[in-house]
Amino acid sequence: MTGFDPTLAMHHSETQVSVELQTPDMTLNLGPQHPSTHGVLRLVAKVDGEKVEEIEPVIGYMHRGYEKLAEVRTYPQITALVNRIDWVSGFCNEIAFVTAAERLMGLEVPGRAQYIRLILTEMTRISSHLLFLSSYPLELGAATPMMLAVRDRERVLDLIEGVTGGRFHPNFNRLGGVKPAAGGGATQKKLAQDLPAGFLQDTRDAMVHVLGVCDEIDGLITGNEIFWERTRGVGVIPADKAMEFGVSGPNLRGSGVRFDLRKVEDYLPYGDFDWEVPAGTEGDCYDRYLVRMEEVRQSVSIVLQAIDKIPSGPLQAKVPRVIKVPTGEIYVRAENPKGEMGYHIVSQGGRVPYRVKIRSASYSNLSILPWLLKGALVPDIIAIMGSLDFVLGDVDR
Amino acid sequence: MTESPSEAAAPAGAAARPDPAAVAERFAAMVDAASWSAEHGTAKVVVPAERWVEVHRTLREHLPFFSWLSAVDWSAEVAVGDPPAEDAVTGRFEVLTRLADTDEGKALVVSADVPAGEATIASLVEVYGGAAWHEREAYEMFGIGFEGHPNLVKLYLPDGFEGNPLRKSFPLLAREVKPWPGTVDVEGMPEGDGPSTENPEGGAA
Amino acid sequence: MTLAIALFDNFWVLLTVKLLAVVLVLIGFSLVIIYAELKIMAHMQARIGPWFAGGRYGWAQPLADALKFLQKEDLVPLEADSPVFRIAPAVSLMSTVAVFVIVPFSPTLIAEDLDLGVFYALAVGSIGTLGVLMAGWSSANKYSLMGGLRAAAQLIAYELPMVLAAAAVVVQAGTMSMAGIVDAQGPDALFTIPGTDIGLPFVMVGQIVAFVIFMIAALAELSRIPFDMPIAESELVFGYLTEYSGIRFTMFFLAEYAGMFAMSAIATTLFLGGWYFPGLNPSVFGPAVMMAKVSLLVFVMIWVRVTWPRLREDQLQSAAWRYLIPLALGNILVTAVLKVVL
């Protein structure tokens with residue numbers, strides 16, 4: 001018997017005294033309010049003791065109808081909507097949308113703006129992954145990594161706030177460039193708005209702290225035997241299953257597929273830097289954890305290279321005052337912290353898009369859950385769900 | 001939807017991925033598509049709805065990653081938002097899937113038209129298991145039927161919900177109650193390519 | 001004066017005083033442990049911890065918490081088995097208090113030195129789990145039910161290694177009396193530091209295996225990380241405690257921390273020589289020595305909580321049945337053989 005099953009043991013003893021006992025499966029309802037469903041996800045699980053017979057995710061509690069709203073909003077207004085999709089990586093959500101609109105309009109984004117976008121994207125990725133590194137051990141019962149990771153995530157968020165004015169919802173990208181909220185300070189009133197003074201040096205310092213907290217969590221959790229017991233061989237996603245369900249990002253790489261959209265797409269100048277795509281081998285929870293840990297380190301490396309290389313120049317291309325996007329159809333995908341984030345925009349030449357299909361990573365990552373959780377134990381539900389690292393806003397859109 | 005355009009203008013910057021026009025042309029030949037395009041770097045093939053499953057079964061060998069399935073409502077009857085362009089063919093739903101591979105970066109949008117009056121198409125669940133949720137979403141949002149889907153029920157919307165929200169004819173309640181001033185403030189501004197106030201001179205450090 | 005002596009000669013008066021003392025001491029220590037855990041955890045996690053309550057270092061935080069809990073409405077779910085639901089916290093707390101009766105603080109300062117001390121402690125200590133099971137069963141909540149059943153499964157798995165580990169000590173000491181066991185590690189010790197007559201505690205003369213097993217089992221019995229599956233808040237919301245509020249929750253809460261103290265005290269007595277410390281007069285320094293040793297063990301328990309994740313129920317079962325029980329049995333065998341040989 002792989003899993004201990006107190007109810008089953010009890011039923012055996014009862015049948016021995018020749019009592020015919022009906023033992024229907026218990027329906028366990030996890031959520032929509034539950035400590036570890038990352039929001040308002042509801043799981044209806046049929047359990048036999050602690051073993052899951054069947055599980056059905058119920059989503060939609062967070063559905064905000066962004067695809068419909070996008071049909072009545074102008075393009076600049078939509079960036080304010082889309083950064084609320086995956087609210088722990090709001091900045092990344094804007095990038096793919098803005099890039100898609102810019103390509104439809106034929107805008108050339110200045111290099112400095114692209115670099116600022118890239119730096120902030122990677123810092124958002126670091127903050128999102130640090131949130132995973134804090135919440136995942138917590139779900140497995142270890143509280144200390146949370147305190148450490150959240151402490152240093154705050155440094156990163158402060159920097160993002162310093163540039164954009166928002167910790168989670170920057171709404172910072174403009175078609176054709178970026179618009180920093182902070183100027184160069186009171187003394188530089190004449191100089192136009194740019195990165196705040198001292199940002200680059202503060203970023204270097206913060207990156208040192210991020211690497212430090214990664215080492216600390218490594219020391220606490222990564223080699224811990226109990227952590228291995230809970231995550232190794234648990235929730236294995238084979239690579240072909242992952243692709244069939246559209247599982248992307250670190251979850252796909254955990255299954256051994258060394259594929260990163262930052263390497264194959266050109267929405268931001270990632271080709272200028274030297275960095276690696278980490279990948280796992282087994283496709284279990286432990287590999288997904290390790291991939292994210294390594295991605296933080298790679299993102300730190302990208303940020304450090306980018307702030308060394310950042311070019312000077314304007315932050316915005318010339319754009320018409322009234323933004324009308326020519327007729328056309330485009331799909332732009334970007335590597336978000338959670339996976340592939342894409343926007344399929346159909347424009348009919350107006351101020352508002354005709355149709356925007358939002359492809360969010362967590363939606364597809366979560367859709368594998370019924371397949372993945374069949375036969376798992378109740379404690380493993382939490383371990384597996386946590387390792388997929390989804391955000392309900394990203395599932396429901 | 002022009003026949004084999006050569007407009008595949010890859011944006012500036014070194015694209016590591018394969019040329020989208022080449023990808024579209026190759027797969028269009030493979031599945032015997034009605035037409036293909038590669039506008040703005042988005043490779044797309046258009047196939048007849050009758051061969052929907054067959055096409056995907058062929059493509060699965062080369063593009064195993066199922067990214068999404070959705071639809072576009074090409075309708076002349078528009079309750080909110082802009083109407084389609086005058087030369088667009090209306091009265092149809094365009095069902096779209098996006099497939100990709102995970103080594104070179106080849107990717108393809110597959111499109112098929114179903115008439116608005118009888119909006120059904122075969123389900124892809126047997127080809128790509130991940131299509132199940134996407135098809136349920138398209139079913140509730142557009143009212144498109146997917147034949148052969150094992151569990152075609154609402155995904156997001158509550159059970160008693162009536163209507164298909166992403167259809168162009170579906171009104172947005174907030175707009176019915178209170179007309180949005182958004183269009184007004186955009187129109188109030190002078191037209192033309194004047195210098196944007198959002199683009200101050202310099203902007204550099 | 002004579003009246004006082006006469007009063008203390010009366011069995012019932014003496015019993016009341018002793019019980020009162022045990023309860024007060026236990027609650028007092030529990031509050032101290034709660035505060036220590038808040039503070040130690042905070043400092044291990046790069047936080048400050050309680051700071052404002054009480055004026056300095058937040059020393060009054062546990063009191064404030066307790067007062068807050070006492071004000072809360074005492075809710076009983078409509079579907080719950082009301083009498084069982086109400087009595088469960090008392091059962092849980094009572095068993096801990098009862099264990100405390102036989103904990104020796106000095107040769108004379110012991111509520112009741114039973115001849116069957118160890119046996120009594122282990123028997124009464126496991127009643128607490130019954131309270132947990134009652135709570136889980138009566139709450140009419142699936143999470144509570146699963147938590148309660150997990151606690152029961154844990155009890156079955158962990159009571160055995162714990163008893164076997166203690167049995168080895170009993171064999172070595174030749175007595176079940178708590179005071180007797182301490183004496184066997186002190187003045188009457190068989191093993192002494194060579195060249196002196198200072199006795200060695202059992203943990204230093206071969207019972208290290210039993211000590212480790214005992215502490216692991218104690219953590220499991222107390223449902224503390226890494227064995228806190230019965231309340232596993234990320235899986236079962238709060239396990240058997242989900243439906244509790246107000247004073248009944250406080251009782252469970254107190255039982256957990258009092259249990260930490262009681263388990264540490266038993267471990268100290270069995271393995272660390274209790275009140276005995278070379279060179280210190282037990283009748284004067286005994287309680288202080290005992291408290292110091294107990295605090296050390298409590299600190300280790302808190303440390304473990306801050307450091308480790310949680311195991312899974314089936315992994316705990318397999319660890320107990322496949323490793324700890326055979327190991328404990330082997331330990332008894334070796335102890336018995338050596339006892340005869342030496």
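Residues numbered from 1 in each chain as written. Chains lettered and ligands numbered in written order. Predicted model: local features only at pLDDT ≥ 70, side-chain atom pairs only at ≥ 80, totals over all residues. Heavy atoms only, no water.

Asker: Which residues make up the overall build of chain B, and what values go with them?
Answerer: What chain B contains, in helices and strands, is five helices and seven strands. Its helices and strands in sequence order give chain B the pattern α-β-β-α-β-β-β-β-α-β-α-α, from N to C terminus. For chain B, buried positions account for 50% of its 205 residues. Put simply, of all contacts in chain B between residues at least 6 apart along the chain, 59% involve residues at least 24 apart. (Helix = DSSP H or I, 4+ residues; strand = E, 2+ residues; numbered from the N terminus. Buried < 20%, exposed > 50% of the residue type's maximum accessible area, 1.4 Å probe, protein only. Contact = heavy atoms within 4.5 Å.)

Asker: Lay out the packing of helix H5 (residues 111-139) of chain A against helix H6 (residues 144-164) of chain A in plain terms, naming residues and giving numbers.
Answerer: Residues and elements named next belong to chain A. Viewed as axis vectors pointing N to C, H5 and H6 meet at an angle of 160°, and their least axial separation amounts to 9 Å. The angle between H5 and H6 falls in the class roughly antiparallel. The crossing of H5 and H6 is left-handed. The segment H5 lies against H6, with Leu 120, Met 123, Thr 124, Ile 126, Ser 127, Leu 130, Leu 131, Leu 133, Ser 134, Pro 137 and Leu 138 engaging Pro 145, Met 146, Ala 149, Val 150, Asp 152, Arg 153, Val 156, Leu 157, Leu 159, Ile 160, Val 163 and Thr 164. Of the residues in the contact of H5 with H6, the class split is 17 nonpolar, four polar and two charged. (Axes fitted to C-alpha atoms, helices over the stretch in contact; angles between N-to-C directions. Parallel < 35°, antiparallel > 145°, perpendicular 65-115°, else oblique. Left-handed = near helix turned anticlockwise from the far one by under 90°. Nonpolar A, V, L, I, M, F, W, Y, C, P; charged D, E, K, R; others polar.)

Asker: Describe the interface of chain B and chain A, with residues and values.
Answerer: With 82 residues of chain B at the contact, the number on the chain A side is 69 residues. For the chain B and chain A pair, buried surface summed over both sides reaches about 6,300 Å², with 54% attributable to carbon and sulfur atoms. Per-residue buried area on chain B facing chain A is highest for His 40, Trp 133 and Tyr 156 of chain B; these three make up 12% of the total on that side. At the boundary of chain B with chain A, the tally comes to five salt bridges. Note that Glu 56 of chain A and Arg 136 of chain B form a salt bridge whose closest N and O atoms lie 3.7 Å from each other. Looking at the side of chain B that touches chain A, the elements with two or more residues in it are strand E3 (65-74), strand E4 (92-100), strand E5 (107-115), helix H3 (131-142) and helix H5 (182-187) of chain B. (Buried area = accessible area lost by both parts, 1.4 Å probe. Salt bridge = Lys/Arg side-chain N within 4 Å of Asp/Glu carboxyl O.)

Asker: Describe in detail the packing of aromatic side chains, supporting the description with residues and values.
Answerer: Residues and elements named next belong to chain A. On inspection of all chains with the given rule, the structure shows 32 aromatic pairs over all chains. Among the aromatic residues, those joined into a ring-pair cluster are Phe 132, Tyr 136, Phe 227, Trp 228, Tyr 286 and Tyr 289. A cation over an aromatic ring shows up here: Arg 232 above the ring of Trp 228, its NZ or CZ 4.0 Å from the ring centre. (Phe/Tyr/Trp six-rings, centres within 6.5 Å; stacked < 30°, edge-to-face > 60°. Lys NZ or Arg CZ within 6 Å of the ring centre and 35° of its normal.)

Asker: Now, about the side chain of Glu 295 of chain A: what can you tell me, with residues and values included?
Answerer: Residue and element names in this part refer to chain A. For Glu 295, the position within the fold is in helix H12 (residues 285-309). Judged by relative accessible area, which is 1%, Glu 295 ranks as buried. A polar side-chain atom of Glu 295 sits 2.8 Å from a polar atom in the side chain of His 129. Dropping the residues within four chain positions of it, Glu 295 is found in contact with Arg 125, His 129, Pro 250, Arg 253, Arg 262 and Pro 278. (Polar contact = N/O pair within 3.5 Å; in protein donor to acceptor, adjacent residues only side chain to side chain.)

Asker: Break down the sheet that holds strand E8 (residues 355-359) of chain A for me, citing the residues and quoting the values.
Answerer: All names here are of chain A. Across the sheet, which stays open at both edges, the three strands sit in the order E6-E7-E8 with antiparallel pairing between neighbours. Either end of the sheet is taken by a strand with one partner, and the two such strands are strand E6 (328-336) and E8. For this sheet, the mean angle separating the axes of adjacent strands, direction not counted, is 10°. Bridge count for E6 against strand E7 (residues 339-347) is nine bridges, and the pairing is antiparallel. Bridge pairing links Glu 329 to Val 346 in E7. The sheet contacts of helix H4 (residues 90-105) involve E6 and E7, and relative to E6 the element is tilted by about 150°. (Pairing = 2+ DSSP bridges.)

Asker: Which residues make up helix H11 (residues 246-271) of chain C, and what values go with them?
Answerer: Between its first and last C-alpha, H11 of chain C extends 37 Å over 26 residues, near the 38 Å set by a 1.5 Å rise per residue. Here H11 of chain C lies mainly inside the structure; 22 of its 26 residues are buried. (Expected span 1.5 Å × (residues − 1).)

Asker: How would you explain the sheet that holds strand E3 (residues 51-58) of chain A if you had to name every residue and give the values?
Answerer: Residue and element names in this part refer to chain A. Ordered by their spatial adjacency, three strands build an open sheet running E1-E2-E3, and the pairing between neighbours is antiparallel. Both edges of this open sheet fall to strand E1 (26-30) and E3, since each of them pairs with a single strand only. The mean angle between the axes of side-by-side strands here comes to 20°, regardless of whether they run parallel or antiparallel. With seven bridges joining them, strand E2 (residues 42-48) and E3 adopt antiparallel strand pairing. Bridge pairing in E3 links Leu 43 to Pro 57. Packing of helix H15 (residues 378-388) onto the sheet brings it into contact with E1, E2 and E3, and relative to E2 it is tilted by some 145°.

Asker: How would you explain the pattern of salt bridges if you had to name every residue and give the values?
Answerer: Enumeration over the complete set of coordinates arrives at 38 salt bridges over all chains. For the salt bridge of Lys 44 of chain B with Glu 329 of chain A, the shortest nitrogen-to-oxygen distance reads 2.7 Å. With Lys 44 of chain B in strand E2 (residues 44-46) and Glu 329 of chain A in strand E6, the pair connects residues from two separate chains. The exposure classification of Lys 44 of chain B matches that of Glu 329 of chain A, with both residues buried. Residue Arg 312 of chain C pairs with Asp 380 of chain A through a salt bridge whose shortest N-O separation is 3.0 Å. Of the two residues, Arg 312 of chain C is situated in the loop between helix H12 (282-307) and helix H13 (313-341) and Asp 380 of chain A in helix H15; the pairing between them involves two chains. Both residues of the pair, Arg 312 of chain C and Asp 380 of chain A, belong to the buried class. Shared partners join several salt bridges into a network, and the residues in it are Glu 122, Arg 125, Arg 253, Asp 260, Arg 262, Glu 295 and Glu 335 of chain A.

Asker: Summarise the packing of helix H2 (residues 11-44) of chain C against helix H4 (residues 82-100) of chain C; cite the residues concerned and give the values.
Answerer: All names here are of chain C. Contact pair H2 / H4: the axes reach a minimum separation of 10 Å and the direction vectors enclose 110°. When the interaxial angle is binned, H2 and H4 end up roughly perpendicular. Judged by residue contacts, Val 22, Val 23, Val 25, Leu 26 and Phe 29 of H2 engage Thr 96, Val 97 and Phe 100 from H4.

Asker: For the environment of Arg 64 of chain A, give the residues involved together with the corresponding values.
Answerer: Residue and element names in this part refer to chain A. Relative to the helices and strands, Arg 64 resides in the loop between E3 and helix H2 (66-70). Each residue touching Arg 64, except ones within four places of it in the same chain, is listed here: Leu 69, Arg 84, Ile 85, Trp 87, Gly 393 and Arg 397. Reaching out from Arg 64, the side chain makes a polar contact with the backbone oxygen of Arg 84 at a distance of 2.9 Å.

Asker: Break down the interface of chain C and chain A for me, citing the residues and quoting the values.
Answerer: Of the residues lining the interface, 27 residues belong to chain C; the matching set on chain A comes to 39 residues. Where chain C packs against chain A, one counts one salt bridge. Those elements giving two or more residues to the side of chain C that touches chain A turn out to be helix H7 (142-173), helix H10 (233-236), H12 and H13 of chain C. Here the side of chain C that touches chain A gets six residues from one element, more than from any other, and that element is H7 of chain C.

Asker: An account of the confidence of the model for chain A is requested, with residue identities and associated values reported.
Answerer: Residues and elements named next belong to chain A. The predicted model of chain A averages 83 in pLDDT, with 90% of residues at 70 or higher. Taken element by element, the predicted model of chain A shows its lowest mean pLDDT in helix H1 (residues 6-16) (48) and its highest in H12 (91). Across residues 9-19, where pLDDT falls below 50, the model places four contacts with residues more than four positions away in sequence or in other chains. Across residues 184-191, confidence stays below pLDDT 50; counting only partners more than four residues off in sequence or on other chains, it has two contacts. (pLDDT = per-residue confidence, 0-100.)

Asker: I'd love a proper account of a nonpolar patch on the surface, names of residues and values included.
Answerer: Residue and element names in this part refer to chain C. Judged by side-chain polarity, Leu 333, Val 334, Val 337, Leu 338, Val 341 and Leu 342 come together as a nonpolar surface patch covering roughly 600 Å² of accessible area. Inspection of the secondary structure assignment puts Leu 338 in helix H13. Take Leu 338: its relative accessible area is 44%, and that puts it in the partly exposed class. (Patch = residues over 30% accessible without salt bridge, like charges linked within 9 Å, V, L, I, M, F, W, Y side chains within 5 Å. Areas by Shrake-Rupley, 256 points an atom, 1.4 Å probe, with all protein chains shown as cover.)

Asker: Account for the pairing of E2 of chain A, with residues named and values stated.
Answerer: Side-chain direction in a regular strand flips from residue to residue, so the side chains alternate between the two faces of the sheet. Only one face of E2 of chain A is covered, namely the one carrying Leu 43, Ala 45 and Val 47 of chain A; the face carrying Arg 42, Val 44, Lys 46 and Asp 48 of chain A has none of its residues buried. The antiparallel hairpin formed by E2 of chain A and E3 of chain A contains two residues in its connecting segment, where Gly 49 of chain A sits at a positive phi of about 70°.

Asker: Tell me what's going on with the environment of Asn 29 of chain A, and back it up with residues and numbers.
Answerer: Residue and element names in this part refer to chain A. Secondary-structure assignment places Asn 29 in strand E1. Judged by its relative accessible area of 35%, Asn 29 is partly exposed. Along the sequence, Asn 29 and Pro 311 sit 282 residues apart, while their C-alpha atoms lie 54 Å from each other.

Asker: Give a detailed account of the pairing of E5 of chain B, specifying residues and quantitative values.
Answerer: Residues and elements named next belong to chain B. Burial within E5 is extensive, with seven of its nine residues counted as buried. Pairing geometry for E2 and E5, over three bridges, is parallel. Across the sheet, residue Val 45 finds its bridge partner in E5, namely Val 110. Two elements, E4 and E5, share nine bridges in a ladder whose sense is antiparallel. Looking across to E5, one finds that Val 95 is bridged to Ala 112.

Asker: Tell me about unusual backbone geometry, and name the residues and values.
Answerer: Residues and elements named next belong to chain C. Here Ala 46, not a glycine, exhibits a phi torsion of approximately 60°, which is positive. Relative to the assigned elements, Ala 46 resides in the loop between H2 and helix H3 (61-71). For Ala 140, which is not glycine, the phi torsion reads 60° and is therefore positive. Relative to the helices and strands, Ala 140 is located in the loop between helix H6 (127-138) and H7.

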